[in-house]
Amino acid sequence: MPNSPETILTEYPLFRRGKVRDVYNLGEHLLIVASDRISAFDVILPTPISDKGRILTQISLFWFELLKEPNHLVTAEVSDLPSNLKSHSDWLRGRFMLVKKANRYDVECVVRGYLAGSGWKDYGRTGAVCGLSLPPGLKQCAKLDPPLFTPAAKNDTGHDENVSFETMANMTGTKVADELRARSVGIYQKARDYAAQRGVILADTKFEFGEVDGQTILIDEVLTPDSSRFWPAADYAEGRDQKSFDKQYLRDYLETLNWDKTYPGPELPSAVVENTRAKYLEAYRLLTGREFSVR
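Residues numbered from 1 in each chain as written. Predicted model: local features only at pLDDT ≥ 70, side-chain atom pairs only at ≥ 80, totals over all residues. Heavy atoms only, no water.

A. View of the sheet that holds strand 3 (residues 29-34). Judged by pairing direction, the sheet is antiparallel, and its five strands sit side by side in the order 1-2-3-7-6 without closing on themselves. The strands lining the two open edges of the sheet, one partner per strand, are strand 1 (14-17) and strand 6 (73-75). Strand-to-strand twist of the sheet, defined as the mean angle between neighbouring strand axes without regard to direction, takes the value 30°. In terms of strand pairing, strand 3 meets strand 7 (residues 96-100) through five bridges, oriented antiparallel. Residue pairing across strands places leucine 30 opposite valine 99, the latter belonging to strand 7. Relative to the sheet, helix 1 (residues 52-67) contacts strand 2 (21-25), strand 3, strand 6 and strand 7, its axis offset from that of strand 7 by approximately 45°. (Pairing = 2+ DSSP bridges. Helix = DSSP H or I, 4+ residues; strand = E, 2+ residues; numbered from the N terminus. Axes fitted to C-alpha atoms, helices over the stretch in contact; angles between N-to-C directions. Contact = heavy atoms within 4.5 Å.)

Take a look at the structure:
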């Protein structure tokens, strides 16, 4: 299993397999296992990144503890696993979360604090980002103050679709939509301020929420290099691409290939694998202040 791109647990039924995470139904709870798979342009690449699932899980656990936001985490300790999973302890250690079952809101709650990525492209075409007008003449990677909330409808098999806040409100109800927007922007601002103290710019991120017993809680991963754009503050300047601690390095490499961004993706050279892993490790070290080790 350690060298497999998929996690294979036969003791419980598979609830859902995402691009990175495999979710198992344990009855009262779900078991989320972060694999070492990596995706780019919505394609899962054939080459895993060693320890990536553990790094992502440990970053999420760090943020859950720091933010003190209501969330789905029950435990991430191997000692708390059901007895029939103890034989998988070495593989699961550091890469799983046992979580509450939540009724997921099928919305990606995206918060953009800087004009980058698809937002920059959208602005160049329309002068707006996801339909939200911005002043003319902004440069690439300009800071957006206040941050923009740009929701997207979730698509588990393909690319999420940007939607207006009004469309989101029709999906979730106005009261929930207002809460998700306020919570998302508030969490982003708190995380942005913390990251700034660590010399890191949190350029943008996305959150997922669900409902448990009438309470809205954070679910899935949170503020990881897979769900966020992190830049070194010391190197930041408007008007150009930024160095990053996320998947942008990998995307930039893939852009140099003669690949049409459809399945199957290309095998990754060992140097690209190691450099990508180093980006994730650097994000972990800078954000948590700790050296990575398997818990």
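B. Summary view of the packing of aromatic side chains. This structure, assessed with the given rule, holds 11 aromatic pairs. Plain terms: the ring middles of tyrosine 114 and tryptophan 231 are 5.4 Å apart, the flat faces sit at 70° to each other, and that makes the pair edge-to-face. With tyrosine 114 in strand 9 (residues 107-114) and tryptophan 231 in strand 17 (residues 228-232), the pair connects residues that are 117 residues apart, well separated along the chain. One aromatic cluster in this structure is built from Phe62, Trp63 and Tyr194. The ring of tryptophan 91 is capped by arginine 95, whose NZ or CZ atom sits 3.8 Å from the centre of that ring. Note that arginine 181 overlies the ring of phenylalanine 165, its terminal NZ or CZ placed 3.7 Å from the centroid. (Phe/Tyr/Trp six-rings, centres within 6.5 Å; stacked < 30°, edge-to-face > 60°. Lys NZ or Arg CZ within 6 Å of the ring centre and 35° of its normal.)

C. Looking closely at the state of the cysteines. Per the counting criterion, the structure on display carries zero disulfides. The thiol of cysteine 109 is not disulfide-bonded; the next cysteine sulfur, from cysteine 130, is found 13 Å away. Take cysteine 109: its relative accessible area is 1%, and that puts it in the buried class. Since its relative accessible area comes to 21%, cysteine 130 is described here as partly exposed. (Disulfide = S-S within 2.5 Å. Buried < 20%, exposed > 50% of the residue type's maximum accessible area, 1.4 Å probe, protein only.)

D. A look at the pairing of strand 2. Most of strand 2 is tucked away: four of the five residues are buried. The pairing of strand 1 with strand 2 spans three bridges and is antiparallel. Within the sheet, the bridge partner assigned to arginine 17 lies in strand 2 and is aspartate 22. Two successive antiparallel strands, strand 1 and strand 2, enclose a turn made up of three residues. Of the pairings in the sheet, the one linking strand 2 to strand 3 comprises five bridges and is antiparallel in character. From the neighbouring strand, valine 23 faces strand 3, where its bridge partner is isoleucine 32. The antiparallel pairing of strand 2 with strand 3 creates a hairpin that spans three residues between the two strands, and glycine 27 there sits at a positive phi of about 95°.

E. Main features of the packing of helix 6 (residues 248-255) against helix 7 (residues 270-288). Where helix 6 meets helix 7, the closest approach of the two axes is 9 Å, and the angle between their N-to-C directions is 155°. In terms of axis orientation, helix 6 runs roughly antiparallel to helix 7. In contact with Tyr249, Leu250 and Tyr253 of helix 6, helix 7 contributes Ala271, Val272, Asn275, Thr276 and Lys279. (Parallel < 35°, antiparallel > 145°, perpendicular 65-115°, else oblique.)

F. Representation of helix 1 within the structure. With 16 residues, helix 1 ought to run about 22 Å at 1.5 Å a step, and its terminal C-alpha atoms sit 22 Å apart, in line with that. Of all 16 residues in helix 1, 14 are buried; the element is thus mostly enclosed. Of the residues flanking the end of helix 1, it is lysine 68, one or two places downstream, whose phi is positive at about 60°. (Expected span 1.5 Å × (residues − 1).)

G. Just the pattern of salt bridges, in detail. Tallying each qualifying case throughout the model produces 21 salt bridges. Between lysine 19 and aspartate 42 there is a salt bridge; the shortest N-O distance is 3.7 Å. Of this pair, lysine 19 sits in the loop between strand 1 and strand 2 while aspartate 42 sits in the loop between strand 4 (39-40) and strand 5 (43-44); the two residues are 23 residues apart in sequence, bridging distant segments of the chain. Residue class for lysine 19 comes out partly exposed when judged on its relative accessible area of 27%. Across the pair lysine 52 and aspartate 226 runs a salt bridge whose closest N-O atoms are separated by 2.8 Å. Within this pair, whereas lysine 52 is found in helix 1, its partner aspartate 226 is found in the loop between strand 16 (215-219) and strand 17, the two being separated by 174 residues in sequence. The structure contains a network of salt bridges with shared partners spanning Glu108, Lys154, Lys206 and Glu208. (Salt bridge = Lys/Arg side-chain N within 4 Å of Asp/Glu carboxyl O.)

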